[in-house]
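Listed here are the chains, written in short residue letters.
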Amino acid sequence: TSSRRVGESAALGRRRRARASRCSMAAVSPPLRSGYLTKRGAWFKSWKKRWFVATSDQGSLRINYYKSEQMASKELGSLMVTQKAEVTDFIDADDSKDFDHDRYKHGLRVVTKDRTLYLAADTEEDRE
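Cut-off values and rules
Residues numbered from 1 in each chain as written. Predicted model: local features only at pLDDT ≥ 70, side-chain atom pairs only at ≥ 80, totals over all residues. Heavy atoms only, no water. Salt bridge = Lys/Arg side-chain N within 4 Å of Asp/Glu carboxyl O. Helix = DSSP H or I, 4+ residues; strand = E, 2+ residues; numbered from the N terminus. Buried < 20%, exposed > 50% of the residue type's maximum accessible area, 1.4 Å probe, protein only. Contact = heavy atoms within 4.5 Å. Pairing = 2+ DSSP bridges. Axes fitted to C-alpha atoms, helices over the stretch in contact; angles between N-to-C directions. Phe/Tyr/Trp six-rings, centres within 6.5 Å; stacked < 30°, edge-to-face > 60°. Lys NZ or Arg CZ within 6 Å of the ring centre and 35° of its normal.

Participant: How would you sum up the pattern of salt bridges? Please name residues and give values.
Facilitator: The full count for this structure, using the stated rule, is three salt bridges. For Lys49, the salt bridge is made with Asp122, and the minimal N-O distance between the two is 3.2 Å. One end of the pair, Lys49, is in strand S2 (residues 47-57); the other, Asp122, is in the loop between strand S7 (116-120) and helix H2 (124-127), with 73 residues separating them in the sequence. Owing to a relative accessible area of 52%, Asp122 belongs among the exposed residues under this scheme. As a salt-bridge pair, Glu86 and Arg109 come within 3.3 Å of each other at their nearest N and O atoms. Taken together, the residues span a long stretch of sequence, with Glu86 in strand S5 (residues 86-89) and Arg109 in strand S6 (residues 107-111) at a distance of 23 residues. Judged by relative accessible area, Glu86 falls into the partly exposed class, the value being 38%.

Participant: Can you break down unusual backbone geometry residue by residue, with the values?
Facilitator: Most peptide bonds are trans, and most residues other than glycine sit at a negative phi. Of note, the phi angle at Lys45 is positive, near 60°, even though the residue is not glycine. Inspection of the secondary structure puts Lys45 in the loop between strand S1 (33-40) and S2. Positive phi values are uncommon outside glycine, yet Gln58 reaches one of about 55°. Of note, Gln58 is situated in the loop between S2 and strand S3 (60-66).

Participant: Mind laying out the side chain of His106, listing which residues take part and the relevant values?
Facilitator: Along the polypeptide, His106 turns up in the loop between S5 and S6. Apart from the residues lying within four places of it in its own chain, the contact partners of His106 are Leu119, Ala120, Ala121, Asp122, Thr123, Glu124 and Arg127.

Participant: Help me get a handle on the pairing of S2, residues and values and all.
Facilitator: With eight bridges connecting them, S1 and S2 associate as antiparallel partners. Across the sheet, residue Leu37 finds its bridge partner in S2, namely Arg50. Here S1 hands over to S2 after six residues, with Lys45 in that stretch at a positive phi of 60°. Where S2 lies against S3, seven bridges are found, and the strand directions are antiparallel. Each residue of the ladder has a partner; that of Thr55, found in S3, is Arg62. Between the end of S2 and the start of S3, which pair antiparallel, lie two residues, with Gln58 showing a positive phi angle near 55°.

Participant: Summarise the environment of Thr88; cite the residues concerned and give the values.
Facilitator: Along the chain, Thr88 falls in strand S5. A sequence separation of 22 residues divides Thr88 from Val110, and the C-alpha atoms of the two residues are 6.7 Å apart.

Participant: An account of the sheet that holds S2 is requested, with residue identities and associated values reported.
Facilitator: Through backbone hydrogen bonds, the strands of a sheet pair up, either in parallel or in antiparallel fashion. The antiparallel open sheet is built from seven strands, whose spatial order is S4-S3-S2-S1-S7-S6-S5. The open sheet has two edge strands with one neighbour each: strand S4 (75-81) and S5. Here the strands of the sheet are splayed against their neighbours by 35° on average, with no regard to which way each runs. Summarising the sheet, S5 and S6 pair through four bridges and their orientation is antiparallel.

Participant: I'd like a description of the packing of aromatic side chains, backed by residues and values.
Facilitator: In total, this model carries two aromatic pairs according to the counting rule given. Sitting over the face of the ring of Tyr118, Arg40 holds its NZ or CZ atom 4.3 Å from the ring centroid.

Now the structure itself:
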(Lines give C-alpha, C1' and ligand atoms only; values in the text may rest on other atoms or scores of the structure.)
Protein backbone atom coordinates (compact mmCIF):
# COMPACT_ATOMS: atom_id res chain seq x y z
CA THR A 1 0.00 0.00 0.00
CA SER A 2 2.91 2.40 0.54
CA SER A 3 3.93 2.01 -3.14
CA ARG A 4 0.35 2.81 -4.12
CA ARG A 5 0.45 6.01 -2.02
CA VAL A 6 3.75 7.00 -3.64
CA GLY A 7 2.23 6.44 -7.10
CA GLU A 8 -0.87 8.44 -6.20
CA SER A 9 1.30 11.23 -4.78
CA ALA A 10 3.42 11.37 -7.93
CA ALA A 11 0.31 11.53 -10.12
CA LEU A 12 -1.13 14.32 -7.98
CA GLY A 13 2.14 16.24 -8.25
CA ARG A 14 2.12 15.89 -12.06
CA ARG A 15 -1.47 17.18 -12.24
CA ARG A 16 -0.61 20.17 -10.04
CA ARG A 17 2.45 21.05 -12.14
CA ALA A 18 0.47 20.73 -15.38
CA ARG A 19 -2.30 22.98 -14.00
CA ALA A 20 0.23 25.56 -12.76
CA SER A 21 1.98 25.48 -16.13
CA ARG A 22 -1.30 26.11 -17.99
CA CYS A 23 -2.16 29.01 -15.67
CA SER A 24 1.24 30.67 -16.02
CA MET A 25 1.22 30.22 -19.81
CA ALA A 26 -2.19 31.91 -20.08
CA ALA A 27 -0.91 34.99 -18.25
CA VAL A 28 2.11 35.45 -20.55
CA SER A 29 1.78 37.81 -23.49
CA PRO A 30 2.28 36.46 -27.01
CA PRO A 31 5.90 36.30 -28.18
CA LEU A 32 7.32 39.45 -29.75
CA ARG A 33 10.07 37.42 -31.36
CA SER A 34 11.51 33.92 -31.15
CA GLY A 35 14.36 32.00 -32.71
CA TYR A 36 17.69 30.29 -32.23
CA LEU A 37 20.70 32.14 -30.84
CA THR A 38 24.01 30.86 -29.53
CA LYS A 39 24.52 31.62 -25.83
CA ARG A 40 27.71 31.58 -23.81
CA GLY A 41 27.43 29.67 -20.56
CA ALA A 42 27.78 31.60 -17.32
CA TRP A 43 30.06 29.08 -15.60
CA PHE A 44 31.93 27.02 -18.20
CA LYS A 45 32.01 29.63 -21.00
CA SER A 46 31.01 27.10 -23.64
CA TRP A 47 28.73 28.21 -26.48
CA LYS A 48 25.43 26.39 -27.04
CA LYS A 49 22.57 26.96 -29.45
CA ARG A 50 19.32 27.73 -27.59
CA TRP A 51 15.73 28.61 -28.50
CA PHE A 52 14.88 32.14 -27.29
CA VAL A 53 11.45 33.71 -26.83
CA ALA A 54 11.04 37.45 -26.14
CA THR A 55 7.80 38.72 -24.60
CA SER A 56 6.60 41.99 -23.14
CA ASP A 57 6.23 41.96 -19.35
CA GLN A 58 4.89 45.11 -17.68
CA GLY A 59 6.87 47.51 -19.87
CA SER A 60 10.05 45.41 -19.83
CA LEU A 61 11.32 42.73 -22.16
CA ARG A 62 11.44 39.19 -20.81
CA ILE A 63 13.76 36.78 -22.59
CA ASN A 64 13.27 33.09 -21.85
CA TYR A 65 15.50 30.41 -23.30
CA TYR A 66 15.14 26.70 -23.82
CA LYS A 67 17.28 23.82 -25.05
CA SER A 68 15.31 23.66 -28.32
CA GLU A 69 12.02 24.77 -29.84
CA GLN A 70 10.64 21.29 -29.16
CA MET A 71 11.65 21.59 -25.48
CA ALA A 72 9.99 25.00 -25.02
CA SER A 73 7.96 23.71 -22.08
CA LYS A 74 11.17 23.30 -19.99
CA GLU A 75 12.69 26.74 -19.44
CA LEU A 76 16.45 26.76 -18.88
CA GLY A 77 16.59 30.40 -17.86
CA SER A 78 15.21 33.88 -18.26
CA LEU A 79 16.36 37.46 -18.23
CA MET A 80 14.35 40.62 -17.57
CA VAL A 81 15.61 43.47 -19.75
CA THR A 82 14.55 46.88 -18.45
CA GLN A 83 15.35 50.35 -19.76
CA LYS A 84 18.41 50.35 -17.49
CA ALA A 85 19.93 47.36 -19.30
CA GLU A 86 22.97 47.92 -21.49
CA VAL A 87 23.06 46.21 -24.89
CA THR A 88 26.30 46.39 -26.90
CA ASP A 89 28.06 44.58 -29.74
CA PHE A 90 30.82 42.16 -28.77
CA ILE A 91 33.31 44.46 -30.46
CA ASP A 92 32.32 47.34 -28.16
CA ALA A 93 32.48 45.17 -25.03
CA ASP A 94 35.43 45.58 -22.67
CA ASP A 95 36.06 41.83 -22.66
CA SER A 96 35.77 41.40 -26.44
CA LYS A 97 39.26 39.87 -26.67
CA ASP A 98 37.76 36.65 -25.24
CA PHE A 99 35.59 36.03 -28.33
CA ASP A 100 36.21 34.61 -31.77
CA HIS A 101 34.88 37.61 -33.72
CA ASP A 102 34.73 35.74 -37.02
CA ARG A 103 32.57 33.00 -35.55
CA TYR A 104 30.40 35.29 -33.38
CA LYS A 105 30.41 38.45 -35.50
CA HIS A 106 26.65 38.94 -35.02
CA GLY A 107 26.95 38.94 -31.24
CA LEU A 108 25.46 41.00 -28.45
CA ARG A 109 26.26 41.55 -24.81
CA VAL A 110 23.21 42.22 -22.61
CA VAL A 111 24.04 43.61 -19.16
CA THR A 112 21.36 43.82 -16.47
CA LYS A 113 21.67 44.38 -12.75
CA ASP A 114 21.51 40.61 -12.20
CA ARG A 115 23.74 39.18 -14.93
CA THR A 116 25.50 39.56 -18.25
CA LEU A 117 24.32 37.47 -21.18
CA TYR A 118 26.41 36.90 -24.32
CA LEU A 119 24.41 35.98 -27.41
CA ALA A 120 25.28 35.46 -31.07
CA ALA A 121 23.09 35.07 -34.14
CA ASP A 122 24.03 33.26 -37.33
CA THR A 123 23.24 36.31 -39.48
CA GLU A 124 22.74 40.05 -39.02
CA GLU A 125 19.07 39.58 -39.97
CA ASP A 126 18.60 37.01 -37.17
CA ARG A 127 20.27 39.36 -34.72
CA GLU A 128 17.77 42.17 -35.38
